[in-house]
Amino acid sequence: MAYRTKLPATASVAESKGDGRLFAPSAERNSAPIVNLVKRIAPQSGKALEIASGTGQHIVQLALSLPNIVWSPSDVEEERLKSISAWVKSENLLNIKPPTYLDATETGWAKSLPQSNFILLVNLLHLISWNETEILIGELSLALKTKGIALVYGPFMRHGQLTSKGDKSFHNSLIQTDPDIGYKNDLEMLNLFSNSSLLHLETVEMPANNTAFVLQKDS
């Protein structure tokens, strides 16, 4: 199923720039830390897939910073896909493919795409159910080349606990909207990665109490 449209207002805040581009303040804030981490862990060349690219702010910065990688953005919302195209056009970037519709919570999507050397997933797992998370990570593994690298970023529980007042408030607003969604437990994520043939290389603590899992396809 497509990602949920009924979410608290704090889950997806973006404003129009009047030229087709959407601007999300949160994407602006976390762009530099994400780009810096990707520059450290990603291959220097190859094919990269971004799942749930959102406004397109991240992938534009990534394409500017890693010009030898061919980037493929994706999303489920038509407005977001248009925004991605507008951001790419505004920067005149040639190493980004046209954005494609992709519902990463559907079984079988990996078969429709060429395998990637690098896959990026930012700020989605807390907005989908655990069952959908299992499907997404399993398909992500299938979509990744052997020894390819994946980065999964977002807000997570630590050892089953919400560790800040802001996280508690946001998580509660999510589960009040839909009890099946909300923050995932980092320990359960590590187990899911292992069961999906993804080797956990490191966990990186990111700004605003976010977590980044660096993974490698091991077979």
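Everything here concerns the structure above.
The structure displayed is predicted, hence computed values, not measured ones.

### Some points on the overall build of the protein
Okay, step 1: In terms of helices and strands, the protein carries six helices and 11 strands.
Okay, step 2: Expected size for 219 residues packed as a compact globule is a radius of gyration near 17 Å; at 16 Å, the protein falls within 12% of this value.
Okay, step 3: The principal-axis extents of the C-alpha atoms in the protein amount to approximately 45 × 45 × 30 Å.
Okay, step 4: Within the protein, buried positions represent 53% of all 219 residues.
Okay, step 5: Long-range pairs, those at least 24 residues apart, make up 75% of the contacts in the protein with a sequence separation of at least 6.

### What to know about helix H1 (residues 25–41)
Okay, step 1: Between its first and last C-alpha, H1 extends 25 Å over 17 residues, near the 24 Å set by a 1.5 Å rise per residue.
Okay, step 2: Its axis deflected by about 45° at serine 31, H1 carries its strongest bend there, up to four residues before the proline proline 33.
Okay, step 3: Of the positions making up H1, those classed as buried are Ala27, Asn30, Ser31, Ile34, Val35, Leu37, Val38 and Ile41.
Okay, step 4: Looking at the buried residues of H1, the elements they touch are helix H2 (57–65), strand S4 (69–75), strand S6 (116–122), strand S7 (144–154), strand S10 (198–206) and strand S11 (210–217).

### Focus: the pairing of S6
Here is the key point about a regular strand: its side chains alternate between the two faces of the sheet.
Okay, step 1: Counting buried residues along S6, six of its seven residues qualify, which places the element largely inside the surrounding structure.
Okay, step 2: With six bridges connecting them, S6 and S7 associate as parallel partners. Looking across to S7, one finds that leucine 120 is bridged to leucine 151.
Okay, step 3: In terms of handedness, the path from S6 via helix H4 (residues 130–143) over to S7 forms a crossover that is right-handed.

### Describing the side chain of serine 83
Okay, step 1: Its location among the elements puts serine 83 in helix H3 (residues 78–91).
Okay, step 2: By relative accessible area, which is 0% here, serine 83 ends up buried.
Okay, step 3: A polar contact of 2.8 Å, which involves the side chain of serine 83, links it to the backbone nitrogen of leucine 22.
Okay, step 4: A distance of 2.7 Å separates the side chain of serine 83 from the backbone oxygen of threonine 55, its partner in a polar contact.

### Focus: the packing of aromatic side chains
Okay, step 1: In the structure shown here, the tally under the stated rule is four aromatic pairs.
Okay, step 2: For the ring pair tryptophan 71 and phenylalanine 118, a centre distance of 6.2 Å and an interplane angle of 85° mean the geometry is edge-to-face. Residue tryptophan 71 is found in strand S4, and its partner phenylalanine 118 is found in strand S6; the two are separated by 47 residues along the sequence. For the pair formed by tryptophan 71 and phenylalanine 118, the shared burial category is buried.

Rules behind the numbers
Residues numbered from 1 in each chain as written. Predicted model: local features only at pLDDT ≥ 70, side-chain atom pairs only at ≥ 80, totals over all residues. Heavy atoms only, no water. Helix = DSSP H or I, 4+ residues; strand = E, 2+ residues; numbered from the N terminus. Rg over C-alpha atoms; globule rule 2.2 N^0.38 Å. Buried < 20%, exposed > 50% of the residue type's maximum accessible area, 1.4 Å probe, protein only. Contact = heavy atoms within 4.5 Å. Expected span 1.5 Å × (residues − 1). Bend = angle between axes of the 7 residues up to and from the residue. Pairing = 2+ DSSP bridges. Right-handed = clockwise from strand over helix to strand, strands pointing away. Polar contact = N/O pair within 3.5 Å; in protein donor to acceptor, adjacent residues only side chain to side chain. Phe/Tyr/Trp six-rings, centres within 6.5 Å; stacked < 30°, edge-to-face > 60°.

Geometric values such as these leave the question of function open.
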